[in-house]
Amino acid sequence: MNVKFVDLPKQYERLFESDRFKNGFMNVVKNCGFVGGRHLENFERSFANLCGVDHTVGVGSGTDALWLALKALDIGPGDEVIVPAYTFVATAFAVTLCGADVKFVDVDPVTYVLTPEILKGAITPHTKAVIPVHLYGQPCDMEGIMEVADNFGLKVVEDCAQAVCATINGKHVGTFGQAGCFSFYPAKNLGGMGQGGAVITNDVNIARFVREMSNCGRKEGSWFEHIHIGLNSRMDSVNAFFMNCILEENLIIEWTHKRINAAQQYHSFLSKLKEIVQLPLMPTNEVVGVFHLFEIKLSDKKTRNGLKKYLEKHGIAAVVHYPLPCHKQPVYRNTTFSGSLVVSEHLADTLLSLPMHPSITLNEVECVCNTIADYLTIL
Ligand SMILES: *Cc1c(COP(=O)(O)O)cnc(C)c1O
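Residues numbered from 1 in each chain as written. Predicted model: local features only at pLDDT ≥ 70, side-chain atom pairs only at ≥ 80, totals over all residues. Heavy atoms only, no water.

The α-helix winds at 3.6 residues per turn, so residues separated by three or four positions along the chain end up facing the same way. Of all the residues in helix 8 (residues 204–214), the buried ones are Ile206, Ala207, Phe209, Val210, Glu212, Met213 and Ser214. Buried residues in helix 8 make contact with strand 1 (55–59), helix 4 (62–72) and strand 9 (197–201). Regarding helix 8, its N-cap is aspartate 203, as a side-chain oxygen of that residue lies 2.8 Å from the backbone nitrogen of asparagine 205 further along. Within two residues after helix 8, cysteine 216 carries a phi angle of roughly 60°, on the positive side. (Buried < 20%, exposed > 50% of the residue type's maximum accessible area, 1.4 Å probe, protein only. Helix = DSSP H or I, 4+ residues; strand = E, 2+ residues; numbered from the N terminus. Contact = heavy atoms within 4.5 Å. Polar contact = N/O pair within 3.5 Å; in protein donor to acceptor, adjacent residues only side chain to side chain.)

Right, here's the structure in full:
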């Protein structure tokens, strides 16, 4: 059996066949208004509704969203921004591209994300902001993080690139801090037809700044007046139309349920290996993660790499995200960090991402789990 890591053609089959999508798509194309416009406004409204927030600004990518949010909060040279060492490196790039200093901190060995305690231990007089990352779709303890941040006067930009629809006590991630940033890179839980991202916020000034800054620094409502040194980072209208269809058809809700369902199946099939394989947390009444990726943690690097090869030999795609924590990346080798980053380094050596997408079948999950059990018992 061949088990794919993600399967976008299968995921989009129904949508692509619907008349609503086919007719609507051709209308967008024929109108030739390819950037921004009405479709972007529709998408921004739908996405704000999904998150329960006042403002969404659609932008060109998740990386741009993070950079724009930091700029809106006036982060710049001389400021220190706390970032988990174990994340996709773009989280840190946003800080560096603002001219501020990244300060890498470790993550929790069970949730793989930043905790209020780790944050508190890393704050110095130069610390101006923190970027909690809801990695793999697992929410950080945002109530605890906001308490620490408020006590120390830190700004909070949430990296929600992997966590659309993740909630804490019913509240969407990205709505705890001053701003939340999303990526619509095609393989994310909500993926676009190309690159895309968004900043969400309840602060009208942040929303206006991000809108102006992402639109070549143009003053809102004025095409020829530029009031910031800005980016050209607007969302394409075909992309906005496409993602608005996904939202209006409630597909993102359906897909999220299917991911959580598949995670539950993985848990059942792998429970007999729980002494040797650590599994991600399942949702509780309070904290709902959305399994952008399904990570299993092996005892050591050799076992992890051996299992990956064995799965691939049996037609099962498995991926290592991320083999290097940020502070080990060539560009960040000289960066300062706070305390020990042993957990991040250990996770980079021992985590393995299994196939996870809304269209994965029970049979496929079972096949992946049986193959894992085969490998680990013959070991
Ligand atoms: C994907 C991702 C980003 C960057 O988003 P792009 O749209 O690829 O620029 C940032 N942070 C995390 C955690 C991501 O997964």
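Okay, the sheet that holds strand 2 (residues 80–84) next. Taking strand neighbours across the sheet as the criterion, the seven strands line up as 1-9-8-5-4-2-3 in an open arrangement whose pairing is mixed. At either margin of the open sheet sits one strand with a lone partner, and together these are strand 1 and strand 3 (101–105). Put simply, the sheet's adjacent strands are angled 25° from each other on average, direction ignored. Where strand 5 (residues 155–159) and strand 8 (residues 179–183) come together, three bridges link them in parallel fashion. Looking at the pairing, valine 157 lines up with alanine 179 of strand 8. Of the strands in this sheet, strand 1, strand 5, strand 8 and strand 9 are in contact with helix 4, which crosses strand 8 at around 165°. (Pairing = 2+ DSSP bridges. Axes fitted to C-alpha atoms, helices over the stretch in contact; angles between N-to-C directions.)

With antiparallel pairing, the three strands of this open sheet are ordered in space as 7-6-10. Looking at which strands have only one partner, the edges of the open sheet turn out to be strand 7 (171–172) and strand 10 (287–288). Pairing of strand 6 (residues 167–168) with strand 7 involves two bridges; the strand directions are antiparallel. Each residue of the ladder has a partner; that of threonine 167, found in strand 7, is histidine 172.

For the rest of this paragraph, the subject is the packing of helix 1 (residues 8–17) against helix 9 (residues 237–248). Relative placement of two packed helices is described by the angle separating their axes and the distance separating the axes. Taken N-terminus to C-terminus, the directions of helix 1 and helix 9 make an angle of 95°; their axes are 12 Å apart at the nearest point. For the element pair helix 1 / helix 9, the angle class is roughly perpendicular. Of the residues in helix 9, those touching helix 1 at Tyr12, Leu15 and Phe16 are Phe242, Cys245 and Ile246. Classifying every residue of the contact of helix 1 with helix 9 gives six nonpolar, no polar and no charged. (Parallel < 35°, antiparallel > 145°, perpendicular 65-115°, else oblique. Nonpolar A, V, L, I, M, F, W, Y, C, P; charged D, E, K, R; others polar.)

In this structure, Phe43, Phe47, Tyr86, Phe184, Leu190 and Ile246 are the most contacted members of the largest nonpolar core, which totals 65 residues. Leave out the neighbours within four places in its chain, and leucine 190 touches Phe47, Val164, Ser183, Phe184, Tyr185, Met243, Ile246, Leu247 and Ile252. Judged by nonpolar contacts, the second largest core, of 35 residues, contains Val57, Leu68, Phe104 and Val199. (Core = buried A, V, L, I, M, F, W, Y, C linked by side-chain atoms within 4.5 Å.)

Around the ligand, the surrounding shell holds 15 residues, and the nearest of these are Gly62, Thr63, Asp159, Ser183 and Lys188. At 2.8 Å, a side-chain N or O of glutamine 162 approaches an oxygen atom of the ligand. In the environment of the ligand, an oxygen atom lies 3.0 Å from a nitrogen or oxygen atom belonging to the side chain of lysine 188. The fraction of the free accessible surface of the ligand (380 Å²) that becomes covered by protein chains is 93%. For the shell around the ligand, the secondary-structure elements that each account for two or more residues are helix 4 and helix 5 (90–97). Broken down by element, the residue count for the shell around the ligand peaks at three residues, all from helix 4. Residue composition of the shell around the ligand, by class: five nonpolar, eight polar and two charged. (Near = heavy atom within 4 Å. Areas by Shrake-Rupley, 256 points an atom, 1.4 Å probe, with all protein chains shown as cover.)

With 13 residues, helix 2 (residues 19–31) should reach 18 Å at 1.5 Å per residue; the first-to-last C-alpha distance of 18 Å fits that figure. Among all positions of helix 2, only Phe21, Gly24 and Val28 are buried. Across the axial projection of helix 2, the buried residues extend over an arc of 80°, all falling on one side. The exposed set on the far side of helix 2, more than 90 degrees from its buried face, consists of Asp19 and Lys30. Elements in contact with the buried residues of helix 2: helix 1, helix 3 (38–51) and helix 9. (Expected span 1.5 Å × (residues − 1). Arc of directions from axis to C-beta.)

Here we come to the domain arrangement of the chain. Looking at the assigned domains, one finds that the chain contains domain 1 (8–248) and domain 2 (251–377). Counting residues at the interface gives 46 residues for domain 1 and 43 residues for domain 2. Contact with domain 2 buries surface across domain 1, with Tyr86, Phe104 and Tyr136 losing the most and accounting together for 19% of the total. Counting every contact that joins domain 1 to domain 2 gives one salt bridge. One salt bridge in this structure joins glutamate 254 and arginine 14, with 3.2 Å as the shortest N-O distance. The interface formed by domain 1 and domain 2 holds 22 residue pairs in polar contact (both at pLDDT 80 or more) in total. Residue assignment for the side of domain 1 that touches domain 2 shows that the elements contributing at least two residues are helix 1, helix 5, strand 3, helix 6 (116–122), strand 6 and helix 9. Within the side of domain 1 that touches domain 2, the residues separate by chemical class into 29 nonpolar, eleven polar and six charged. (Domains from an automatic or database assignment. Buried area = accessible area lost by both parts, 1.4 Å probe. Salt bridge = Lys/Arg side-chain N within 4 Å of Asp/Glu carboxyl O.)

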